[in-house]
Amino acid sequence: MSSPLDPKALLANLYHDNHAWLRGWLSRQVRCPQDAADLAQDTFLRAFDAQQLERIEQPRAYLSTVARRLLCSLWRRRKLEQAYLDQLADMPQGYAPSAEDIALVREAIEAIDHALEGLPSRVRRAFLLNRLESMPQQAIATLLGVSLATVERDLRRAYLHCLSQTQESL
């Protein structure tokens, strides 16, 4: 018999009461039923992982907030993938990577995106410019319209965030 605060029972109730609504809301956002179904499942998994189910007072507001974050991550990842595919299209035919190489790069992009999840966009952008494009900190400061000290702080924050994400996954 499950107690009133049993996380599985709470998740089952949350799912039963809100799944159809959330999937419909996500379908309108992404216009793809398969993506909507995947995002809905990921949203409920995140809700379960948060271990705060008993404290949710407004389930739809909570679920839509989690789903919006997942949507942003999806759109950001797709934008990165499209930029990569655009670069591939510009390469001469003999230099094009294999399907396996493309899959490895896609996995790496997803891992980077996951590691940077939760950071403000400026911090994430500064980190990517520095690490992936080898842009010097002063150039990043100029591009982003912030001081060099701000870029240094942002990079330090991103490094620490990535380190904490890595330690959590071990």
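Residues numbered from 1 in each chain as written. Predicted model: local features only at pLDDT ≥ 70, side-chain atom pairs only at ≥ 80, totals over all residues. Heavy atoms only, no water.

A. Layout of the pattern of salt bridges. One pass over the full model with this rule turns up six salt bridges. Put simply, Asp35 and Arg78 hold a salt bridge, and the shortest N to O gap is 2.6 Å. Of this pair, Asp35 sits in helix H2 (residues 33–50) while Arg78 sits in helix H3 (residues 59–89), placing them 43 residues apart in sequence. By relative accessible area, which is 38% here, Arg78 ends up partly exposed. A salt bridge links Arg122 to Asp154, with the shortest nitrogen-to-oxygen separation between them at 2.6 Å. With Arg122 in helix H5 (residues 121–131) and Asp154 in helix H7 (residues 148–169), this residue pair connects regions lying 32 residues apart in the sequence. Looking at Arg122, the relative accessible area reads 37%, which means it is partly exposed. (Salt bridge = Lys/Arg side-chain N within 4 Å of Asp/Glu carboxyl O. Helix = DSSP H or I, 4+ residues; strand = E, 2+ residues; numbered from the N terminus. Buried < 20%, exposed > 50% of the residue type's maximum accessible area, 1.4 Å probe, protein only.)

B. Examining the environment of Ala126 more closely. Relative to the helices and strands, Ala126 is located in helix H5. Taking relative accessible area as the criterion, Ala126 reaches 0% and is therefore assigned buried. A sequence separation of 14 residues divides Ala126 from Ile140, and the C-alpha atoms of the two residues are 6.4 Å apart. When neighbours within four sequence positions are excluded, Ala126 is seen to be in contact with Ile140, Leu144, Asp154 and Leu155. (Contact = heavy atoms within 4.5 Å.)

C. Structural view of the packing of helix H1 (residues 7–30) against H2. It is the contact of H1 with H2, at a shortest axis distance of 8 Å, that shows an interaxial angle of 145°. Here the hand of the crossing between H1 and H2 comes out right-handed. Seen from H1, the contacting residues are Pro7, Lys8, Leu11, Leu14, Tyr15, Asn18, His19, Leu22, Arg23, Leu26, Ser27 and Val30; seen from H2, they are Pro33, Asp35, Ala36, Ala37, Leu39, Ala40, Gln41, Thr43, Phe44, Ala47 and Phe48. (Axes fitted to C-alpha atoms, helices over the stretch in contact; angles between N-to-C directions. Left-handed = near helix turned anticlockwise from the far one by under 90°.)

D. Structural detail: the nonpolar core. Counting residues in hydrophobic clusters, the biggest one holds 19 residues, and the most contacted among them are Leu14, Leu22, Leu26 and Leu39. Elements supplying a minimum of two residues to this core: H1, H2 and H3. For Leu22, the contacting residues outside a window of four places in its chain are Ala40, Thr43, Phe44, Leu63 and Ala67. Judged by nonpolar contacts, the second largest core, of 14 residues, contains Leu116, Leu119, Leu129 and Cys162. (Core = buried A, V, L, I, M, F, W, Y, C linked by side-chain atoms within 4.5 Å.)

E. Inspection of the packing of H5 against helix H6 (residues 137–144) at higher detail. As a packed pair, H5 and H6 sit with axes 10 Å apart at the nearest point and diverge in direction by 140°. Considering their axes alone, H5 and H6 lie oblique with respect to each other. Along this stretch, H5 crosses H6, giving a crossing that reads as right-handed. The residues of H6 that touch H5, namely those facing Arg122, Arg125, Ala126, Leu129 and Asn130, are Gln137, Ile140, Leu143 and Leu144. For the contact of H5 with H6, the class distribution of residues is five nonpolar, two polar and two charged. (Parallel < 35°, antiparallel > 145°, perpendicular 65-115°, else oblique. Nonpolar A, V, L, I, M, F, W, Y, C, P; charged D, E, K, R; others polar.)

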